Amino acid sequence: MRYRILGVTTAEDEHGTAVPVGGPRLRALLTALALRPSRITPPRTLIDEVWTDDPPQDAHAALQALVGRLRRALGKDAVTSETGGYRLAATPDDIDLFVFERLVQRGTDALAADAPALAERHLDDALALWRGPALADLPDRTAATRPEATRLEATRARAEARLRLGRAQDVVPELRELTAVHPYDEPLHALLIRALRDTGREADALAAYDSARRALAEGLGTDPGPHLRALHADLLASAARSEKPTPAPPQRTGNIRPRLTSFVGREPEIDAIRSDVHRARLVTLTGPGGSGKTRLAEEAAAGLPQAWLVELAPLDRPEAVPGAVVSALGLRETVLMTSELTAVQDDPVALLVEYCAPRSQLLILDNCEHVIGAAAHLAETLLTRCPGLTILATSREPLGVPGEVVRPVEPLPPDPARRLFAERAAAVRPDADAVLRDERAVAEICRRLDGLPLAIELAAARLRLLTPRQIADRLDDRFRLLTSGSRTVLPRQQTLRAVVDWSWDLLDEAERTVLCEVSVFAGGWDLAAAEAVCTGPAAELLGALVDKSLVVAAPGGPEDPDGTDREDGPDGPVGSAGMRYRMLETIHEYAVERAAGAPSLRAAAERRHRAWVRALVEQADPLLRSAAQLPWISRLETELDNIRAALDRALTAGDEQEAGALVLAMGWFWWLRNYRHEGMEWLGRTLRLGVERDTAGRVPSGGEPDLPDPVDHLLAAPDGEAGHPLHALRMDLRMLHMLFVTEAGSTEAFVNERRPYVERVWAYFQEGGPRAARIPGLVCPVISSYVGDRSDLRTVMDSAVANCRTHGGEWETAVALMFRTHMVVDASGDLDGVDDDLAELRLLSRRAGDRWLRAQVCGAAGEAGHGAQPLRGGQGGVRGGAAARLRGGRVHRVAVPHRPARRDRLPRGRPPGRAGGAGRGERRRRPVRRGGLQGVRPAAAGPDGVRGGAHGPGARAL
């Protein structure tokens, strides 16, 4: 193990991997032990250094517990118990403080031996070990005095070494900062005066001496020492001897050109980039084409001295990169060839190293993506040989050089994007204020263009011809619309298509293929989905596209409502809070267009996408009725756009079986989450597809108006389609469609209008069997109150329960029991059997874990209790168990599941004491209903995401 105490205390294993240490007291204990490597530290000393003046009551026991925690963090052998105290199993070479002191000693010895280069190397290595205040975790700062003093000594010695090496210009900024912090340190003032003198700045050197003299006089009441006075006398004598110098031509301080347009937004990004440039030597701005990387780099560098912009976009070969940097720095020379022996510097890299090594400057390598390898090699060479050089690069992917800090350039947020559009609009339209009153159209333009500055500027240029609304309406064909860029910029920045073409041309064939394949996704995807749809190595290729800024990766998947991350469970992947991927709309439109040029590739990707979606929704369907309900609802909500796209493609392709399977698997989700109108639309389209296939035997083109209605089509079939290969699938769809249709209006009105149709569908499921024991056939008993013998309704319900016990699961049996309970409660007469049904319902609902079912059971129990009261006078009828506890407003006790529910998981609605709308003060008996579908509906969404609960109109199952 190695320990670093020059800053916040950390530990590293033999591979350099950080080992978590723990809280501040644990770090303080490790610091105190590390100050005495391989030595025994008495407990009293450790207690004083960890707790200072406020030790705990049983300090020795507390220390022993703290040592135990430290051993668990570092390893049981890291801290040993010895006679008289504790010992850290480490040598001075394992502690950065002692390594620092040894390197400082070597550096000062080398300086005394007149070896400044060697001294600088040792001192650089020593000072690089500092990460903050020494011994930062010790409450008492006394022990840090010696290391801090050694650090100042090392800084002085390094400045002296650099002065001897003729690099006075490099040490002036550091010495100015140090003299400001240590105004009474005469050796530092002397170094600053010498550095200013050696750079030819005698006047500044005299001013520095005067500042030191005043600081000493005002702060200490003393005069400068003999060394400072000698320097001052030497400066005065030199000034007197020197002749008036000939003015030298001004040196260039950079080549950043002033811009002709305003820069909008990005103030936080500019500050962050400038901070990165000061703390790191290579910073790379990455982002898609048109995101404003170049302009942002120029704005960030505008306030920095010696900033040089190197434009690499015009280069057509990697070998030209060093020469482009030479030209940008103005190092090209015209040499008169007087003889064959005239020396010419023909190595641009060597010339750059020679020029940059003694200077501190910022180099901006702009648009590196097409020469990424050459740019990376040159950057590493210059950074390792030129200590004062900093590089700020812009590229669509990182350079991949050690020490690189990558800062993605995100699209503009909505407000800055609208400001940019407004400012560019004012440049092309004198009446811009009137044009921009259509704020909704402007916001739509900025949103659909993903906040890309170049695309927004191209759209604003179109205001010469179109209004904002016309531009927004034409963005589906954005690559033909946004073509009026500046004539003075590079060709690849003049149109939106050219911007994306540039990125496409830099991809290899495998990357282009996967970009076309993932264009079939809508609303994003995760890695598992990409692996199911893409033909190549999805993880590797997606990583390449993310690096090239064509795919956006971001953490996705909300947490489970109980506050824990969702994880894979026994029922399959629930969707953890891992990475999700998406494409900006502009990139997506481009990829779709490219994929259209390879129809077979696109068709195969769409088939795999539909297969992935079908597997997902079929896996989710039963789990929506289980304890895994909430995370699977969230998963389907996340993938809803993909599901819609797969449904639409299945219908467009005329694949009735695929579309029907998707619709059936999504039916319960639509019902549960209150997507009833959308579900009706998909069901209607799927049923019409069957009619079109039967009528014309061809892939539909959108549904001709002369085709028969799906209801009439079924009634016209002589055998009720019994011989059709998709008969069972269609009957399931019709029952599900009937459920949604009756929810939208009056059940009785629909049945009266379509009685033959309803009877035929009902008769199919009334026979029982597996299909009648699951959704949607499970709803069949409800229809019996309209089309069957109402006097025999109890027999129908009993048959449904028996069928579910034979062919269904616990959830289906519970729903059938719930139907029967509501039927008994609503019908006047005997309530026999309700207690038994309620007891079984509670047991089954706890086993299933479905929150919707548990809420419905609570509602049924509440209605059973209040429904019994007027008939039995509060006695008899529903005896024992739940009924006795329901009276007197105590319904909430039944509503609580088998373990106490958290408050934030309770469905919204009325207070728990008024479940099912029948609270303590409500004495009016509910009107008797014969049943129906309208009651089996969810109420408003609760906080846990499940629509419908034990309260409000959705609590009744009938």
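This text goes with the structure placed above it.
Within each chain, residues carry numbers counting from 1 in the order of the written sequence. For this predicted model, a pLDDT threshold of at least 70 governs which residues receive local features, and a threshold of 80 or more governs which side-chain atom pairs are given and counted, while totals over whole chains, interfaces and linings are taken from all residues. Water and hydrogen atoms play no part in the side-chain values, which are based on all heavy atoms of the structure.

(A) Structural context of the overall build of the protein chain. Across its full length, the protein chain holds 42 helices and 14 strands. Only protein chains enter the accessibility calculation, which uses a 1.4 Å probe. A residue is then buried if its area is under 20% of the maximum for its type, exposed if over 50%, and partly exposed in between. A burial count over the protein chain gives 50% of its 958 residues as buried. Sequence separation of at least 24 residues holds for 70% of the intrachain contacts in the protein chain that already meet a minimum separation of 6. The Shrake-Rupley method, run with a 1.4 Å probe, gives the accessible areas here. Residue values count only the displayed protein chains as cover. Carbon and sulfur atoms provide 51% of the accessible area of the protein chain, an area that totals close to 44,400 Å². Counting from the N terminus, the helices are DSSP H or I runs at least four residues long and the strands are E runs at least two residues long. By definition, residues are in contact when any of their heavy atoms lie within 4.5 Å.

(B) Structural context of the packing of aromatic side chains. Two rings from Phe, Tyr or Trp (for Trp, the six-membered ring) form a pair when their centres sit within 6.5 Å of each other. Planes less than 30 degrees apart are called stacked, planes more than 60 degrees apart edge-to-face, and all others tilted. Applying the stated rule across the entire model yields eleven aromatic pairs. Geometrically, the ring pair formed by tryptophan 668 and tryptophan 852 is edge-to-face, given 5.0 Å between the ring centres and 85° between the ring planes. With a gap of 184 residues between them, tryptophan 668 in helix α30 (residues 656-672) and tryptophan 852 in helix α40 (residues 851-872) connect regions that are remote in the sequence. Residue tryptophan 668 shares its accessibility class with tryptophan 852, and that shared class is buried. Aromatic rings pair up to connect Phe521, Trp525, Tyr581 and Trp612 into one cluster. Lysine and arginine charges are scored as sitting over a ring when NZ or CZ, respectively, is within 6 Å of the ring centre and within 35 degrees of the ring normal. Cation over ring: arginine 359 sits above tyrosine 355, and NZ or CZ is 4.0 Å from the ring centre. Over the ring of tryptophan 811 we find arginine 625, and its NZ or CZ is 5.1 Å from the ring centre.

(C) Layout of helix α25 (residues 538-547). For α25, the set of buried residues is Ala538, Leu541, Leu542, Ala544 and Leu545. In a view along the axis of α25, the buried residues occupy a sector of 155°, so they form one face of it. Here the arc refers to the set of directions running from the helix axis out to each C-beta atom.

(D) Fine view of unusual backbone geometry. Here the bond from isoleucine 775 into proline 776 is cis, since omega is 10°, no more than 30 degrees from zero. With a phi close to 60°, aspartate 114 is a non-glycine residue in the positive phi region.

(E) Representation of the sheet that holds strand β3 (residues 18-19) within the structure. The pairing criterion is simple: DSSP has to find at least two bridges between the two strands. Strand order in the open sheet made by the three strands is β1-β2-β3, with antiparallel pairing throughout. This sheet does not close on itself; its edge strands, each paired only once, are β1 (2-4) and β3. Two strands pair when backbone bridges link them, and strand β2 (residues 10-12) and β3 are joined in this way by two bridges, in the antiparallel orientation. Within the sheet, the bridge partner assigned to glutamate 12 lies in β3 and is alanine 18.

(F) Representation of helix α13 (residues 321-328). Across the eight residues of α13, seven count as buried, placing the element largely inside the fold. All buried positions along α13 are accounted for by Val321, Pro322, Gly323, Ala324, Val325, Val326 and Ala328. In this fold, the buried residues of α13 make contact with β8 (307-311), α14 (348-356), β9 (361-366) and α15 (372-385). Looking one or two residues beyond α13, the residue adopting positive phi is glycine 330, at roughly 70°.

(G) Region of interest: the environment of arginine 625. Along the chain, arginine 625 turns up in the loop between α27 (599-623) and α28 (629-638). In this structure the C-alpha to C-alpha distance between arginine 625 and serine 845, which are 220 residues apart in sequence, comes to 9.9 Å. In contact with arginine 625, not counting residues within four places along its chain, are Trp668, Trp811, Glu812, Ala848 and Asp850.

(H) Focus on the sheet that holds strand β13 (residues 552-555). Pairing is antiparallel in the open sheet, where three strands are placed in the order β12-β14-β13. Taken across any chain shown, the strands that pair with only one partner, and hence form the sheet edges, are β12 (525-526) and β13.

(I) Looking closely at the pattern of salt bridges. Salt bridge, as applied in this entry: a Lys or Arg side-chain nitrogen positioned within 4 Å of an Asp or Glu carboxyl oxygen. Evaluation of the coordinates by the stated rule reveals 55 salt bridges. Measuring nitrogen to oxygen at the nearest pair gives 2.4 Å for the salt bridge that ties glutamate 101 to arginine 146. Highlighted residues: glutamate 101 in helix α4 (residues 96-112) and arginine 146 in helix α6 (residues 145-164), separated in sequence by 45 residues. Taking relative accessible area as the criterion, arginine 146 reaches 48% and is therefore assigned partly exposed. Among the ionic pairs, aspartate 276 bridges to arginine 407, the shortest N-O distance being 2.7 Å.

(J) Seen up close, the environment of cysteine 534. Relative to the elements of secondary structure, cysteine 534 occurs in the loop between α24 (527-533) and α25. The spacing of cysteine 534 and alanine 605 is 71 residues in sequence and 7.1 Å in space, taken between C-alpha atoms. The residues contacting cysteine 534, other than those within four sequence positions of it, are Val514, Glu517 and Val518.

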